[in-house]
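Residue-level structure breakdown
One-letter residues, chain by chain:
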Amino acid sequence: MQLILEKRAERSRTVALASPLIAIGLTIVTMTILFMVLGKNPISALYVYFIVPLADGYSLQEIAVKATPLVMIAIGLSLCYLANAWNIGAEGQFLMGAVAGSWIAVKTQGTGAGHWVLPAMLLLGALAGALYALIPAICKVRFGASEILTSLMLVYVADLLLDYLVRGPWRDPQGFNFPTTAEFDPVATVPTLIEGGRLHLGSILALIVVAAGAVLLGKTIKGFEIRVVGAAPRAARFGGFNANQLILLTFAISGALSGLAGIIEVAGPVGHLQPGISPGYGFTAIIVAFLGRLNPIGILIAGLFLALTFIGGEQAQITMKIPLDVTKVFQGILLFYVLACDSLILYRFRIVSSSPQVARGAH
Amino acid sequence: MNRNLLGAAAALLIAGSLTSSAVAADKLKVGFIYLGPVGDLGWTYQHELARQALVKELGDKIETTFLENVPEGPDAERAVEQLVRAGNKLIFTTSFGYMDPTLKVAKKYPNVHFEHCSGYKRDNNMATYSARWYQGRYIQGEIAAKMSKAGVLGYIGSFPIPEVVSGINATMIGAQTINPNIKVKIIWVNSWFDPGKEADAAKALLDQGADIIMQHTDSPAAMQIASERGKLAFGQDSEMIKFGPKSQLTSILDTWAPYYIERVKAELDGTWKSGDVWGGLETKMFEMAPYTNMPDDVKKMAEGTQAAITAGKLHPFKCPVVGQDGKEVECKGGDHLEDSQILGMNFYVKGIDDKLPGK
């Protein structure tokens with residue numbers, strides 16, 4: 001007797017709806033056991049992780065601040081992935097946007113430049129991100145180079161360029177050689193929305209991006225093309241859709257959003273350009289995109305949820321002395337269950353008693 | 001939705017634990033922000049040991065909390081503010097890169113006191129503290145020059161900031177008193193804690209002919225490589241002898257406990273004041289690990305130098321200090337460089353045939 005995974009004839013709608021809830025439920029069960037093993041009260045621990053950060057305005061703001069770049073990048077990535085274009089280099093596009101936008105901030109520093117500075121920075125950041133993303137896209141379309149590899153490799157190029165700039169030409173003359181630019185002028189800084197908090201204009205832009213993504217995918221022909229090219233390439237060809245053009249387009253949009261997120265992060269919460277401006281946003285956003293099932297609203301929820309686990313993890317460290325590693329284990333378990341449960345949308349378990357049989361389509 | 005239900009249930013169930021924490025509310029809350037994991041066995045580990053010593057000493061009057069592995073980017077400010085909001089009244093932020101985030105939070109919460117390690121920005125409620133590690137580097141330079149057969153030292157740098165640059169210079173000045181032709185090879189790993197890169201740098205330095213490894217990074221990875229290759233090395237931040245029983249010559253041990261205890265006592269007494277403390281061997285802000293894996297005469301020399309520095313008879317940056325360009329550096333501190341010149345050190349001394357990044 002054995003247990004096999006069998007492909008379903010069609011996607012199960014019930015499982016599709018229930019899957020995230022099952023995943024969260026299983027995560028909670030697993031974490032409860034883990035907390036008990038660690039000798040912590042599991043109910044207070046889960047309360048600290050999930051409820052405490054939602055209970056006051058400051059934490060809510062911080063969740064939004066943390067989620068902003070993740071959501072913005074993930075929306076762009078979801079367009080790529082829907083169109084079967086695998087942009088893994090959002091981190092690099094994020095950094096390039098940050099670098100390009102910072103160029104204006106550094107050059108106008110102390111010159112008394114007007115309010116055009118910030119909009120120009122945001123535009124240039126988005127433009128640089130888009131152009132940077134077009135490199136792997138063009139290599140893919142023109143030479144058939146794997147965009148997974150090229151986009152990933154370009155992350156390190158961007159990282160080193162940023163590193164060079166803040167160590168050399170753009171270094172703060174008063175900064176004792178530490179690799180950072182001087183603090184940006186107020187006109188080069190993303191305004192905050194609530195006095196005393198860190199919530200900034202970027203979060204509003206992220207919401208607009210989510211809405212735009214939803215409209216693009218749900219209401220426009222272009223969005224339809226993107227989905228068809230990804231889901232049924234042959235049908236798309238018969239339909240006369242140009243797959244190459246869509247690769248270029250989705251990469252450009254994705255790069256622009258990543259670049260925009262980059263310059264917003266630098267001109268917002270950080271306030272200057274330095275190495276380490278991104279704790280891996282470009283990569284975490286890949287997780288956010290898939291957790292959100294490549295759906296704009298889903299991505300918004302997934303981004304906020306992931307941000308919640310970061311903030312909750314800090315609260316757990318502070319109030320319950322739960323080590324940071326447990327937060328990482330927690331995020332890993334959650335992702336594992338989400339993906340595992342999602343496979344049940346397309347597959348189902350079956351117990352067979354006869355001789356071994358290869359599960360059809362299970363590869 | 002099920003989360004809301006859980007929340008309601010949890011709220012009822014933990015009501016008990018909340019009241020118990022209220023009892024402890026009159027204890028002074030002291031917070032720490034760590035760069036690495038507490039188990040990095042280097043920099044962060046030493047701060048953690050000091051925190052534990054603090055708890056041992058004043059545990060009945062204080063309650064401590066730490067956040068580990070906090071990156072020096074956009075997350076740092078939130079981490080500091082989280083500690084403030086959790087009621088911590090004295091907060092130690094233990095890495096250079098927390099300087100601006102700490103300052104931002106300090107301005108927002110004038111009634112909370114902050115202690116920032118190794119930075120240069122201060123405020124009425126934000127003090128700084130650091131150690132004169134260059135003193136230890138000078139001793140290590142002398143030892144290295146005595147012990148190196150090749151006459152080439154391998155130096156793993158983190159960031160080319162003055163603290164690190166002054167360490168390299170002090171090493172070379174010390175080494176040159178023994179061997180005027182000593183050479184140093186420097187690799188920057190651009191990180192404080194990255195065991196993989198640190199190990200790679202150590203390998204590369206040994207491959208390039210260096211036979212003594214020195215580091216200004218936080219993990220024992222380089223010590224392990226030296227040990228594997230049968231070479232000598234200096235530990236950093238903490239006692240690393242168990243990673244290289246036949247390799248470690250000595251190690252600069254960060255001993256923050258006395259300072260932490262003193263500052264927390266001041267906070268308890270209400271006498272805490274902002275300021276800058278830059279202590280050295282003379283105030284035991286750091287110590288030297290036992291001198292091992294060297295002949296007795298070298299050990300004696302090292303102990304002699306340590307005693308002279310501790311007594312204030314020997315200053316590693318005694319004038320004349322000659323820069324890479326062959327010009328003497330202006331001597332602002334009488335017979336040695338002034339503190340501000342060391343704190344802002346942005347040049348290599350003569351004898352280093354490498355270029356300071358960004359120069």
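Given the structure is predicted, the values throughout are model-derived calculations rather than measurements.

Let us now look at the overall build of chain B. Looking only at helices and strands, chain B features 11 helices and 12 strands. The C-alpha radius of gyration computed for chain B amounts to 22 Å, which stays within 12% of the reference 21 Å derived for 359 residues, consistent with globular compactness. With respect to the three principal axes, the spread of C-alpha positions in chain B is 75 × 45 × 40 Å. Sorting the 359 residues of chain B into buried and exposed places 50% on the buried side. Sequence separation of at least 24 residues holds for 64% of the intrachain contacts in chain B that already meet a minimum separation of 6.

On to the overall build of chain A, then. For chain A, the count of helices and strands is 13 helices and two strands. Relative to its length of 363 residues, chain A is compact, with a C-alpha radius of gyration of 22 Å against a globular reference of 21 Å. With 363 residues in all, chain A has 49% of them scored as buried. For chain A, restricting intrachain contacts to residue pairs at least 6 apart in sequence, the fraction spanning at least 24 positions comes to 78%.

Right, let's get into the packing of helix α4 (residues 90–107) of chain A against helix α10 (residues 243–270) of chain A. Residue and element names in this part refer to chain A. The contact between α4 and α10 brings their axes to 6 Å, and the two run at 55°. Compared by their axis directions, α4 and α10 come out oblique. For the pair α4 and α10, the sense of crossing is right-handed. Judged by residue contacts, A90, Q93, F94, L95, M96, G97, A98, G101, S102 and A105 of α4 engage S254, G255, S258, G259, L260, A261, G262, I263, E265, V266 and A267 from α10. Split into classes, the residues belonging to the contact of α4 with α10 amount to 11 nonpolar, nine polar and one charged.

All names here are of chain B. Across the sheet, which stays open at both edges, the six strands sit in the order β2-β1-β3-β4-β5-β11 with parallel pairing between neighbours. Looking at strand neighbours, the two that pair on one side only are β2 (62–67) and β11 (276–279), the edges of this open sheet. For this sheet, the mean inter-axis angle between neighbouring strands, taken without regard to orientation, is 15°. On top of the sheet, helix α2 (residues 43–58) reaches β1 (28–33) and β2; it is set at about 165° to β2, its chief contact.

Residue P320(B) is bonded to the preceding C319(B) through a cis peptide linkage, with omega at 0°. Note on placement: P320(B) falls in the loop between α10 (296–310) and α11 (339–343). The phi angle at L294(A) is positive, at roughly 60°, despite the residue not being glycine. Among the structural elements, L294(A) can be located in the loop between α11 (281–291) and α12 (296–320). On the basis of neighbour count, L294(A) is assigned to the buried category, with 21 C-beta atoms found within 10 Å.

For the rest of this paragraph, the subject is the sheet that holds strand β12 (residues 286–288) of chain B. The pairing of strands in a sheet comes from backbone hydrogen bonds and takes either a parallel or an antiparallel form. All names here are of chain B. Ordered in space as β7-β6-β8-β9-β10-β12, the six strands form an open sheet in which the pairing is mixed. Across the chains shown, the open sheet's two edge strands, defined by having one partner strand only, are β7 (183–188) and β12. The sheet shows a mean angle of 15° between the axes of neighbouring strands, taken without regard to direction. Judged from the four bridges that link them, strand β6 (residues 152–157) and strand β8 (residues 212–215) form a sheet pairing that is parallel. Bridging from a neighbouring strand, Y155 pairs with M214 of β8. Packing of helix α6 (residues 162–178) onto the sheet brings it into contact with β6, β7 and β8, and relative to β6 it is tilted by some 165°.

Time to look at the nonpolar core. Counting residues in each nonpolar core, the largest one holds 107 residues, and the members touching the most others are V71(A) and I73(A). Apart from the residues within four sequence positions on either side, I73(A) is in contact with A90(A), F94(A), L257(A), S258(A), A261(A), Y281(A), G282(A) and A285(A). Listed in part, the 98 residues of the second largest apolar core include A127(B), I143(B), I182(B) and I342(B).

Residues and elements named next belong to chain B. For M288, the position within the fold is in strand β12. Accessibility expressed as a C-beta count within 10 Å gives 20 for M288, which makes it buried. Sequence-distant contacts of M288, defined by excluding residues within four places in its chain, comprise G136, I139, T250, I252, L253 and Q306.

Listed per partner, the contact involves 36 residues of chain B and 30 residues of chain A. Looking at the side of chain B that touches chain A, the elements that each hand over two or more residues are α1 (2–23), β2 and α3 (74–85) of chain B.

This brings us to helix α5 (residues 117–143) of chain A. Helix length check: α5(A) (27 residues) gives 38 Å between terminal C-alpha atoms against 39 Å at 1.5 Å per residue, within 8%. Along its length, α5(A) reaches its greatest deviation from straightness, about 30°, at I135(A), and the proline P136(A) lies no more than four positions downstream.

For the rest of this paragraph, the subject is the pairing of β8(B). Residues and elements named next belong to chain B. Neither face of β8 is exposed, since I212 and M214 on one face and I213 and Q215 on the opposite face are all buried. Relative to strand β9 (residues 232–237), β8 is paired through two bridges, and the arrangement is parallel. In the sheet register, I212 faces β9, and the bridge partner there is L232. Tracing the backbone out of β8, into helix α8 (residues 221–228) and back to the parallel element β9 gives a crossover that is right-handed.

So, on to α2(B). Helix length check: α2(B), at 16 residues, gives a terminal C-alpha distance of 23 Å against a target of 22 Å (1.5 Å per residue), a fit within 8%. Three or more residues of α2(B) are buried, namely W43(B), T44(B), Y45(B), Q46(B), H47(B), E48(B), A50(B), R51(B) and L54(B).

We now examine the confidence of the model for chain B. Residue and element names in this part refer to chain B. Summary statistics for chain B give a mean pLDDT of 91 and a share of 92% for residues scoring 70 or more. Model confidence for chain B, summarised as mean pLDDT per element, is weakest for α1 at 44 and strongest for strand β3 (residues 90–93) at 98. Within the model, the stretch residues 1–23 combines pLDDT values under 50 with 15 contacts to residues more than four positions away or in other chains. Scored as a complex, the prediction yields pTM 0.86 and ipTM 0.83.

All names here are of chain B. For K284, the position within the fold is in the loop between β11 and β12. Residue classification places K284 among the partly exposed positions, given that 15 C-beta atoms sit within 10 Å. Each C-alpha atom of the pair K284 and D194 lies 28 Å from the other, and the pair is 90 residues apart in sequence. Not counting residues up to four positions away in its chain, the partners in contact with K284 are T255 and P258.

Cut-offs used in this document
- For every chain, the first residue of the written sequence is number 1, and numbering continues from 1 along that sequence.
- Each chain gets a letter, beginning with A, and each ligand a number, beginning with 1, in the order they are written.
- Side-chain atom pairs in this predicted model are given and counted only at pLDDT of 80 or more, local residue features only at pLDDT of at least 70, and totals for whole chains, interfaces and linings cover all residues.
- Only DSSP runs of H or I covering at least 4 residues are called helices, and only runs of E covering at least 2 are called strands; the numbering of each starts at the N terminus.
- What the globule rule says is 2.2 Å times the number of residues to the power 0.38, and the radius of gyration is computed from C-alpha atoms.
- Residue burial is a threshold on neighbouring C-beta atoms within 10 Å of the residue's own C-beta, all placed from the backbone, with 20 or more meaning buried, 12 or fewer meaning exposed, and counts in between meaning partly exposed.
- Once C-beta atoms have been placed from the backbone, residue pairs whose C-beta atoms lie within 7 Å are recorded as contacts.
- Fitted lines through C-alpha atoms serve as axes, helices being fitted only where they are in contact, and the angles separating the N-to-C directions of these axes extend from 0 to 180 degrees.
- For this classification, under 35 degrees means roughly parallel, over 145 means roughly antiparallel, 65 to 115 means roughly perpendicular, and everything else is oblique.
- Helix crossings get a hand from a simple test, with the near helix turned counterclockwise from the far one by less than a right angle marking a left-handed crossing and a clockwise turn marking a right-handed one.
- Gly is put with the polar residues, along with every residue not named as nonpolar or charged; the nonpolar set is Ala, Val, Leu, Ile, Met, Phe, Trp, Tyr, Cys and Pro, and the charged set is Asp, Glu, Lys and Arg.
- One bridge is not enough; two strands pair if DSSP finds at least two bridges between them.
- Core membership is restricted to buried Ala, Val, Leu, Ile, Met, Phe, Trp, Tyr and Cys residues, and these are joined into a nonpolar core through C-beta atoms within 7 Å.
- Expected span, for any helix, means 1.5 Å times one less than how many residues it has.
- What we call the bend at a residue is the angle made by axes fitted to the seven residues finishing there and the seven residues starting there.
- Crossovers are described as right-handed under a simple rule: with the strands pointing away from the observer, the path leading from the first strand over the helix to the second runs clockwise.
- What pLDDT conveys is the predictor's confidence in a given residue, as a value from 0 to 100.

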